[in-house]
Amino acid sequence: MNKLNQNVTNGKRSSQVFRTSKWIENFATLTKRRSLTRLFILTLVTAFLGLQIPKLQFDYDFDSFFPKGDEDLSYYQSLSEEFGEFNDFLFVVLTTDDPTKSIFLKTVDQTIRSLETWSEVIDIQSAFDQQKVQITPLGINTIKLIDPRKDIDQQSIVRNGLDGKFFGRDDHSMMFVLRHEAFDNNKQSDAFLIALRKYLTSMHQGDYLVSGKIQMQHDFTKKLEGELLQLLLLGLVFVTLVLLLLFKSLKGVVIPLLTIMISVIWTMGFISLTGKSIDVLTVIIPPILLIVALSDVIHFVHKYDQYIRSKISKARSLKSTIVFIGKATCLTSITTAIGFISLYVIPIRPIQDFGLYTAVGVMFAFFVTFLLLPAILYFFPQPVETRVKVKTSWKRILDLWFLFILRNRQKVIWSITILSILLIFGIRELELNTSIIVGFQKDEPELKEVKYFDKNYDGFKPFEIGIQLNGAHDLFDLRVLETLESIEQYASQMYGVDQIESPLTLIKSLNSGLYGAAQSHYILPSSKDLSKVKRLYNSPKLKSLKSVFESDKKGFLRIVGRSTDIGSAQARILNKSLQDFLTEIVDSEVLTARLTGTSYLIDKTDTYISQSLIKGLSLAVASVSVFLLIFFRSWRIVLYSLIPNLLPILILFGLMGYFQIELNISTAIIFTVAFGVAVDDSIHLLARYYLERERFSTVTWALKNSIASTGKSILITSIILCAGFALFLSSGLSSPYYLGFFIVITAIIALVLDLTLLPIIIMGIEKRIRVRQG
């Protein structure tokens, strides 16, 4: 019996590790009829799922990033039901050389008047609406601050508080705020945005900028479509080149590529079938599956070619390959899937969906590989790879490497320990921080609009505080007015909120109107004027003005404004200070004040990420450990696998700190995915080691032979993994970019540790066990 048959026999003797049940033996036994049946079923399933792919939708929904089941989310939703979302608006900026000239002002005014006739537009706030209020015996009289028929000077813009509000600080732009209806779906909002841009182009050529929730969702969705196409094309080119380099034949490209593509089709069809849209995270699932499926295919084909070249029959070659490679690949597929599923503990829907669907895709890739490849190879049994003589002896190189590790154990341990401590030390620099626009890299063009508003206007980030008057207290109670004013002053001076709108905005304007619109009387009314202002405030004529900050529900108010996007790290500090301030100055018997809004909820995701990340990693480690214990029935193999695979994760935390890469929604997925990737090579090496322990009486020889037989495949798959995930570095989205960057680093670290630290750990633990037993 030749050497390969001896390996098969030895594999049978290792029954404690690789026990083969009758149904597996039956599944692995192929006949012509079984192969045709499998191909027919696979064709039907693929056709069915393939027909679902055209139904896939692309979506970027801000609200999906809010933490599920959160108490503050429930409060925000109740506030939105009363007032509508403080997000249903667009900032429209029109640029020109000189925005103070009447010819430009008249064009802007004409644009606004035309847009106000659109059915989707609720109202438009602009510089032309800004006015002073005068109270006369005949009633309320208003004086407009700007007449579009006349030139204005820069001093009056600043004096009337319009600089940064409706006129850009760059002195070359003017803005108006367009409030639109809440659209039922993205199709409606996209149609409105496209029509708006078309109209603005006809009026102002390209000299305009539109920004807001529906604009970001539309543009981000388009970017997702481009990203998916780009990553898929790059992935397909990469897979084709790898297959060509490895197998050097048309058969070696076509059959594996067909297997890989079907895995992707199944996953994308399943995503569509469940009604899930492609978002900022699910967009990277197809290219991930291309790489994962490629690894499965390479392992299968290499082992099959070994058997078939040893003059073993095709049926037995296929059966032995399915049994031998299938178990190890099944194990690595499940551990990888566990890494993805553990993301489900993070209560943010896009992250949960990404983990779930990627885990399903990983298992699809495994099943398709071991159903389709054997069925096709049954009819085309010749070796897949075209052999080319290579002078390089991998066995000699790996033997020399193992001897080097054996002779320098202490140096290797100390080197790894010192270097790891230095790298892990970077954790102290790691920062939790999220931008209001989630998912983009810092220098992407889509974020330039946010930076433009932060620089030239009073920010892009919405700010909200909900107010509930308690008991019999009225808005015009002195304690209520003074409390609201204290909150507004704090928000403006300490939090940096501008363009504040609240009941006090109108109350102060009415009080100023009693004194000829004097700016000095833009304050809370005195006791003698309070009743007059209250009567005017409750006038039916002002109902539409109050809708932004006062609900029809008695005593339900809000304060809204805008601020620059300072990031969630700094915002959390400000939020905590504001909440402490509210607790201190608000009398709960008078009113309740609560910080809320989309920005606040996005800022809160950091807290959930930091808490859930540890839970997710712990779940992944525990699940993989239990699974390995059940599979190998040895606590030692669990211990062997964990030490060299937890170390890369800790190093990743440190590297993120050193590289000043923030931990947020986009980067939270990296660690559990990295653990699932890192543990794969260890499993292949450990599985081989337990087989070799049946053949050799010493640990050293068993390890030497394990590294010699698996080292090449581990090295090749690691290189392929690095090259594949390196493609993600071409992405303009932060999620795929950082995932690719850190998975490449993880794969390199895991490879080094598996070929250095893991053998040393095995020898050390086995030696101690022998000493105790002896």
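Residues numbered from 1 in each chain as written. Predicted model: local features only at pLDDT ≥ 70, side-chain atom pairs only at ≥ 80, totals over all residues. Heavy atoms only, no water.

**A closer look at the overall build of the protein chain**
Of the regular secondary structure elements, the protein chain holds 26 helices and 10 strands. Across its three principal directions, the C-alpha atoms of the protein chain cover 115 × 60 × 45 Å. Counting over 774 residues, the protein chain shows a buried share of 56%. Across the protein chain, every contact between residues at least 6 apart in sequence was considered, and the portion connecting residues at least 24 apart equals 80%. Element-wise, carbon and sulfur atoms account for 59% of the exposed surface of the protein chain, whose accessible area totals about 34,200 Å². For the protein chain, the distance from the average position of its 82 positive side-chain charges to the average position of its 70 negative side-chain charges is 17 Å. (Helix = DSSP H or I, 4+ residues; strand = E, 2+ residues; numbered from the N terminus. Buried < 20%, exposed > 50% of the residue type's maximum accessible area, 1.4 Å probe, protein only. Contact = heavy atoms within 4.5 Å. Areas by Shrake-Rupley, 256 points an atom, 1.4 Å probe, with all protein chains shown as cover. Lys, Arg positive; Asp, Glu negative; His and termini not counted. Charge placed at Lys NZ, Arg CZ, Asp CG, Glu CD.)

**Details of the pattern of salt bridges**
When their charged atoms lie close together, side chains carrying opposite charge are able to pair. In this structure the tally under the stated criterion is 20 salt bridges. The shortest N-O distance in the salt bridge between D399 and K704 comes to 3.4 Å. Pair noted here: D399 is in helix 13 (residues 394-407) and K704 is in helix 24 (residues 699-726), with a separation of 305 residues, a long-range link. Classification of K704 as buried rests on a relative accessible area of 17%. Here the residues in one salt-bridge network are E71, D72, R594 and K604, joined through shared partners. (Salt bridge = Lys/Arg side-chain N within 4 Å of Asp/Glu carboxyl O.)

**A short note on the confidence of the model for the protein chain**
Per-chain confidence: the protein chain averages 83 in pLDDT, with 92% of residues scoring 70 or above. Within the protein chain, helix 3 (residues 32-50) carries the highest mean pLDDT (94), whereas helix 1 (residues 3-13) carries the lowest (40). Predicted confidence is poor over residues 1-18, with pLDDT under 50, and the contacts of this stretch with residues over four places away or in other chains come to 29 contacts. (pLDDT = per-residue confidence, 0-100.)

**Brief notes about the packing of helix 8 (residues 213-247) against helix 9 (residues 250-273)**
Contact pair helix 8 / helix 9: the axes reach a minimum separation of 9 Å and the direction vectors enclose 140°. Relative to helix 9, the element helix 8 lies oblique. Viewed along their axes, helix 8 and helix 9 form a crossing whose handedness is right-handed. Residues L236, V239, T240, L243, L244 and F247 of helix 8 form the contact with helix 9, whose own contacting residues are G252, V253, P256, L257, I260 and M261. (Axes fitted to C-alpha atoms, helices over the stretch in contact; angles between N-to-C directions. Parallel < 35°, antiparallel > 145°, perpendicular 65-115°, else oblique. Left-handed = near helix turned anticlockwise from the far one by under 90°.)

**Here we look at the sheet that holds strand 2 (residues 121-125)**
Overall, antiparallel pairing links the four strands, which are arranged 2-5-1-6 in an open sheet. Two strands in the sheet have a free side with no partner beyond their single neighbour: strand 2 and strand 6 (208-212). Going across the sheet, the axis of each strand differs from the next one's by a mean of 20°, ignoring polarity. Sheet analysis places strand 1 (residues 89-95) next to strand 5 (residues 173-180), joined by seven bridges and oriented antiparallel. Looking across to strand 5, one finds that L90 is bridged to L178. Where helix 7 (residues 186-204) meets the sheet, its contacts fall on strand 1, strand 2, strand 5 and strand 6, and the angle it forms with strand 6 comes to roughly 160°. (Pairing = 2+ DSSP bridges.)

**Comments concerning a nonpolar patch on the surface**
The grouping of L629, W635, L639 and I643 at the surface amounts to a nonpolar patch, some 370 Å² of accessible area in total. When residues in the nonpolar patch are grouped by element, the largest group, three residues, is from helix 22 (residues 635-658). With respect to the helices, strands and loops of the structure, L629 is situated in helix 21 (residues 598-632). For L629, a relative accessible area of 40% gives the class partly exposed. (Patch = residues over 30% accessible without salt bridge, like charges linked within 9 Å, V, L, I, M, F, W, Y side chains within 5 Å.)

**Considering the sheet that holds strand 9 (residues 556-563)**
Ordered by their spatial adjacency, four strands build an open sheet running 8-9-7-10, and the pairing between neighbours is antiparallel. The open sheet is flanked by strand 8 (498-501) and strand 10 (591-596), the only strands paired with a single partner. Neighbour-to-neighbour, the strand axes of this sheet turn through a mean angle of 15°, independent of strand direction. Here strand 8 pairs with strand 9 via two bridges, running antiparallel. Each residue of the ladder has a partner; that of E501, found in strand 9, is V560. Of the strands in this sheet, strand 7 (461-469) and strand 10 touch helix 20 (residues 568-585), which is tilted by about 175° from strand 10.

**Considerations on helix 9**
Over its 24 residues, helix 9 extends 34 Å from the first C-alpha to the last, a length consistent with the 34 Å expected when each residue adds 1.5 Å. Following helix 9 by one or two positions, G275 has its phi on the positive side, about 80°. (Expected span 1.5 Å × (residues − 1).)

**Some details on the packing of helix 5 (residues 102-115) against helix 7**
The contact between helix 5 and helix 7 brings their axes to 11 Å, and the two run at 150°. Overall, the two elements helix 5 and helix 7 adopt an arrangement that is roughly antiparallel. When you trace helix 5 past helix 7, the crossing you get is right-handed. Counted together, T107, Q110, T111, S114 and L115 of helix 5 and L196, Y199, L200, M203 and H204 of helix 7 form the full contact between these two elements. Class assignment for the residues of the contact of helix 5 with helix 7 results in five nonpolar, five polar and no charged. (Nonpolar A, V, L, I, M, F, W, Y, C, P; charged D, E, K, R; others polar.)

**Observations regarding the nonpolar core**
Across soluble globular proteins, you tend to see nonpolar side chains buried next to one another. Of all hydrophobic cores here, the largest spans 150 residues; its most connected members are F354 and L739. Counting residues per element, this core draws most heavily on helix 12 (residues 349-379), at 16 residues. Membership of the second largest hydrophobic core comes to 40 residues, among which are I487, L510, L591 and A593. (Core = buried A, V, L, I, M, F, W, Y, C linked by side-chain atoms within 4.5 Å.)

**What about the environment of L432?**
By the secondary structure assignment, L432 is in the loop between helix 14 (409-424) and helix 15 (448-456). Sequence spacing of L432 and T483 is 51 residues, and the spatial spacing of their C-alpha atoms is 33 Å. L432 has contacts with S568, A569, R572, D606, I609, S610 and L663, leaving out every residue within four places of it along the chain.

**So, the environment of E766**
Turning to its location among the elements, E766 is positioned in helix 26 (residues 757-773). Overall, the relative accessible area of 4% leaves E766 in the buried class.

**Quick look at the side chain of H204**
Among the secondary structure elements, H204 is positioned in helix 7. Not counting the four nearest positions on each side in its chain, H204 is found in contact with L94, T107 and T111.

**Describing the pairing of strand 1**
With six of seven residues buried, strand 1 is to be regarded as a mostly interior element. As paired strands, strand 1 and strand 6 are joined by five bridges and run antiparallel to one another. By the bridge assignment, V93 is partnered in strand 6 with L209.

**Quick look at the packing of aromatic side chains**
Two aromatic rings, taken as a pair, are described by how far apart their centres are and by the angle between their planes. Scanning all chains against the criterion turns up 25 aromatic pairs. Between F659 and F741, the ring centres sit 5.7 Å apart and the planes meet at 65°, which makes this aromatic pair edge-to-face. Highlighted residues: F659 in the loop between helix 22 and helix 23 (670-692) and F741 in helix 25 (residues 734-755), separated in sequence by 82 residues. Owing to a relative accessible area of 43%, F659 belongs among the partly exposed residues under this scheme. According to the relative accessible area criterion, F741 is partly exposed, its value standing at 25%. Through pairs of rings, three or more aromatic residues link up here, namely F89, F91, Y452, F453 and Y457. Its end group placed over the ring of Y378, K314 keeps NZ or CZ at 4.0 Å from the ring centre. Geometry around Y75 places R594 over its ring, the cationic atom sitting 4.5 Å from the centre. (Phe/Tyr/Trp six-rings, centres within 6.5 Å; stacked < 30°, edge-to-face > 60°. Lys NZ or Arg CZ within 6 Å of the ring centre and 35° of its normal.)

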